[in-house]
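Residue strings, one per chain:
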Amino acid sequence: MTAWTVQCGYAAYYANTVTVEADTLDDALDKAITAANEDASWKSLDHCGPTFIDSVTEGADADPWRDHVSALPVPERFTERGAIPLIAVIVDGGMVQDVTFENGPARVIVCDYDTEGADPAELDTDGNGDRYVRGDWSTEIPPSGG
């Protein structure tokens, strides 16, 4: 039998509750990360990773937690995990047979520009004004509000 030595660890986290003013939630979260990072009183000696948002609420000096979850939903890109990859597959004159995934979940959007016979109510329009059928082949879809 072979012996194995395995070091297991966990992240040590610190918190800093800051109050910022902004017009939108995304702007407020960007400003909160900047304000927290500029506060030298809680900087870690080691870099553990980027700053992320645990919880958020509206109002100055308000409690951002409600029943052990964020009072407002935290958009996916601000979470510890961050946004999962989005893969767009463009189809024109053909059909997607399959989309396979390796190494974890991904969001995959298929944009099929071969729209002949498609229900016009089901068509989306891109930035150039071209119409397409949008299909979602994702293995994981972000939660509502994320």
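Residues numbered from 1 in each chain as written. Predicted model: local features only at pLDDT ≥ 70, side-chain atom pairs only at ≥ 80, totals over all residues. Heavy atoms only, no water.

What follows covers unusual backbone geometry. You will see that Asp67, though not glycine, has its phi angle at about 50°, which is positive. Within the element layout of this structure, Asp67 appears in the loop between β1 (65-66) and β2 (69-70). Even without being glycine, His68 reaches a positive phi, approximately 70°. Relative to the helices and strands, His68 is located in the loop between β1 and β2. The class of His68 is exposed, set by a relative accessible area of 77%. (Helix = DSSP H or I, 4+ residues; strand = E, 2+ residues; numbered from the N terminus. Buried < 20%, exposed > 50% of the residue type's maximum accessible area, 1.4 Å probe, protein only.)

Of all hydrophobic cores here, the largest spans six residues; its members are Leu29, Ile33, Ile53, Val56, Val74 and Phe78. In terms of nonpolar packing, the next biggest core, distinct from the first, is built from five residues, Val96, Val99, Val108 and Val110 among them. (Core = buried A, V, L, I, M, F, W, Y, C linked by side-chain atoms within 4.5 Å.)

Here the focus is the packing of aromatic side chains. For the structure shown, the criterion picks out one aromatic pair. Geometrically, the ring pair formed by Tyr113 and Tyr132 is tilted, given 5.3 Å between the ring centres and 40° between the ring planes. Here Tyr113, found in the loop between β4 (107-112) and β5 (123-125), pairs with Tyr132, found in strand β6 (residues 131-136); they are 19 residues apart in sequence, far enough to count as distant. Using a relative accessible area of 23% as the deciding quantity, one classes Tyr113 as partly exposed. Residue Tyr132 is classed as buried on the basis of its relative accessible area of 9%. (Phe/Tyr/Trp six-rings, centres within 6.5 Å; stacked < 30°, edge-to-face > 60°.)

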